[in-house]
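# Reading the structure
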Amino acid sequence: MSIKSILAKPFAKRIYKKVQKWANNPIETQEKVFKNLIFEASQTAFGKDHDFANINKHDDFVKRVPIRDYEALKPYIKRVVAGEKDILWKGKPLYFAKTSGTTSGAKYIPITAESMPNHVNAARNSILLYIHETGKSKFVDGKMIFLQGSPILTEQNGVQLGRLSGIVAHYVPKYLQKNRLPSWETNCIEDWETKVDAVVQETLPEDMTIISGIPSWIQMYFEKLQKKTGKKVGDIFKNFNLFIFGGVNYEPYRAKFENLIGRKVDSIELYPASEGFFAFQDKQDEKGMLLQLNSGMFYEFILVEEFFKKNPKRITIKDVKIGKNYVLIISTNAGLWAYNVGDTVIFTSTKPYRVIVSGRIKHFISAFGEHVIGKEVEHALKEATENTLVRINEFTVAPQINPESGLPYHEWFIEFENEPESLSTLAHNIDKALQQQNSYYLDLILGKVLQPLKITIINKNGFQNYMKSIGKLGGQNKIPRLANDRKIADALNSEIIRK
């Protein structure tokens, strides 16, 4: 055991104590964050426009600052991008995290000197709390791979511009630089398939102990490793015992990954976004991720069923309930104010505050009033395939409103690794599990408004081909689990094997 792995344990203990201090005082912590945000931004253009000088409590904030998405905040962001100072936050941002939006085109999310450490520290702390809980630290001596976007940055009116994962790559601590893969040169490759091939070449001879990334793209890496060697990933990397992931729910991938690896490994779930690092898994045996309450972000929540009303009620953490589905609203020290991230979350605990990501407010199916969300379809699929040999690479769901015959239905587009013996039995079991979770869907089935779901089988790599066709292969891009239209469904037509 090296000095590094020995020192990791007392360092982990110190960070654990710091985290516990704010996690055990959540309401006071958030109130302090709120007051600091309002004070620091009171002299900005946004602060003056919204009378920050007279905001003393949450009710004042609700009256003066309406909920905005990126499109609504865009007039202010345009001024920041143009090089103006003191617009959303004091001074100018350090970076713009460039993301691809569906309605707004490219999005430029500001990252400031105050907000940047939150992205770095949360990722670091997730590993340190794992070390503190499990006592495992030897893995810090091995090689670690973080499959991410290119770290190459450009400049926009004096501000560095790039993908969030590429920006964060510049902040890898010196003590991890020698352990970190892929190389800078490989990380800079833009074409995703070429990049993954290069990553395979670089990592094959190494002692990989941590592998991290979005599950769908790590899957591509694992499959290429297996194809090249004919071995399970766990046999190639005998000391690989920690998988760190974020961006999507891991459960639909778990059986596939365990098969690719050949054994179970510990995992840490993260909830990062360009707008902020919101949560990470702090306990191996607890459901949900610890909400980051002391990271320069003030949280508000709106019940999903109320969100599209004229004046939905905005609540803070002190009023949230376990099991309810909320739209996440944030105000941050990067200058986002009452900002709708687009995600929905469910609290699994309030002592401390832990959440799971239940979906996207725009990613749902309610063509007939069924209000089906991402968490429900993922859970239904997991339940239907549990204790079977069925393995699924990727899937998405869309409504079929005008079938050639019969009642409308939900169409599930699934790319199988291992197909079921009976497609109709799998469809029945998924449908049954979905009915148990969603009473609206059950009523529509019983009322003969909808017929049970149907499965359409997609070619191997069909979803990758689709993502490539729209220029979103790799990086932080992922397939929406649900759509209330058939845009993705129609684009997948060329990839259909059979229905």
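As shown above, the structure is provided for reference.
I will try to describe carefully the structure that is included in this document. For clarity, every value in this text was computed on a predicted model and none was experimentally measured.

## Description of the nonpolar core
Counting 86 residues, the largest nonpolar core has Phe301 and Trp337 as the members making the most contacts within it. Of all hydrophobic cores here, the second largest spans 40 residues; its members include Ile214, Trp217, Leu260 and Phe413.

## Here we look at helix H10 (residues 192-203)
Taking 1.5 Å per residue, twelve residues should reach 16 Å; H10 reaches 16 Å between its end C-alpha atoms and fits that length. Regarding H10, the residues found buried are Trp192, Lys195, Val196, Ala198, Val199, Val200 and Thr203. Contacts from the buried residues of H10 go to strand E3 (143-146), strand E6 (180-181), helix H9 (184-187), strand E7 (208-212) and helix H11 (215-229).

## Things to note about the packing of helix H15 (residues 423-437) against helix H16 (residues 439-446)
Where H15 meets H16, the axes come as close as 5 Å, and the angle between the chain directions of the two elements is 120 degrees. Classed by the angle they form, the pair H15 and H16 counts as oblique. Note on packing geometry: the crossing formed by H15 with H16 is left-handed. Contacts from Asp431, Leu434, Gln435 and Gln437 of H15 reach H16 at Ser439, Tyr441, Leu442 and Ile445.

## Describing the pattern of salt bridges
Summed over all chains, the structure comprises 20 salt bridges. Among the ionic pairs, glutamate 84 bridges to arginine 79, the shortest N-O distance being 3.2 Å. Among the residues examined, arginine 79 registers a relative accessible area of 32% and is labelled partly exposed. The partner of arginine 481 in a salt bridge is glutamate 394, with the nearest N and O atoms 2.4 Å apart. In this pair, arginine 481 sits in the loop between helix H17 (462-469) and helix H18 (487-491) while glutamate 394 sits in strand E18 (residues 391-400), placing the two residues 87 residues apart along the sequence. Assigned by exposure class, arginine 481 and glutamate 394 land together as buried. Residues participating in the shared-partner salt-bridge network are Glu223, Lys256, Glu417 and Lys460.

Rules behind the numbers
Residues numbered from 1 in each chain as written. Predicted model: local features only at pLDDT ≥ 70, side-chain atom pairs only at ≥ 80, totals over all residues. Heavy atoms only, no water. Core = buried A, V, L, I, M, F, W, Y, C linked by side-chain atoms within 4.5 Å. Buried < 20%, exposed > 50% of the residue type's maximum accessible area, 1.4 Å probe, protein only. Helix = DSSP H or I, 4+ residues; strand = E, 2+ residues; numbered from the N terminus. Expected span 1.5 Å × (residues − 1). Contact = heavy atoms within 4.5 Å. Axes fitted to C-alpha atoms, helices over the stretch in contact; angles between N-to-C directions. Parallel < 35°, antiparallel > 145°, perpendicular 65-115°, else oblique. Left-handed = near helix turned anticlockwise from the far one by under 90°. Salt bridge = Lys/Arg side-chain N within 4 Å of Asp/Glu carboxyl O.

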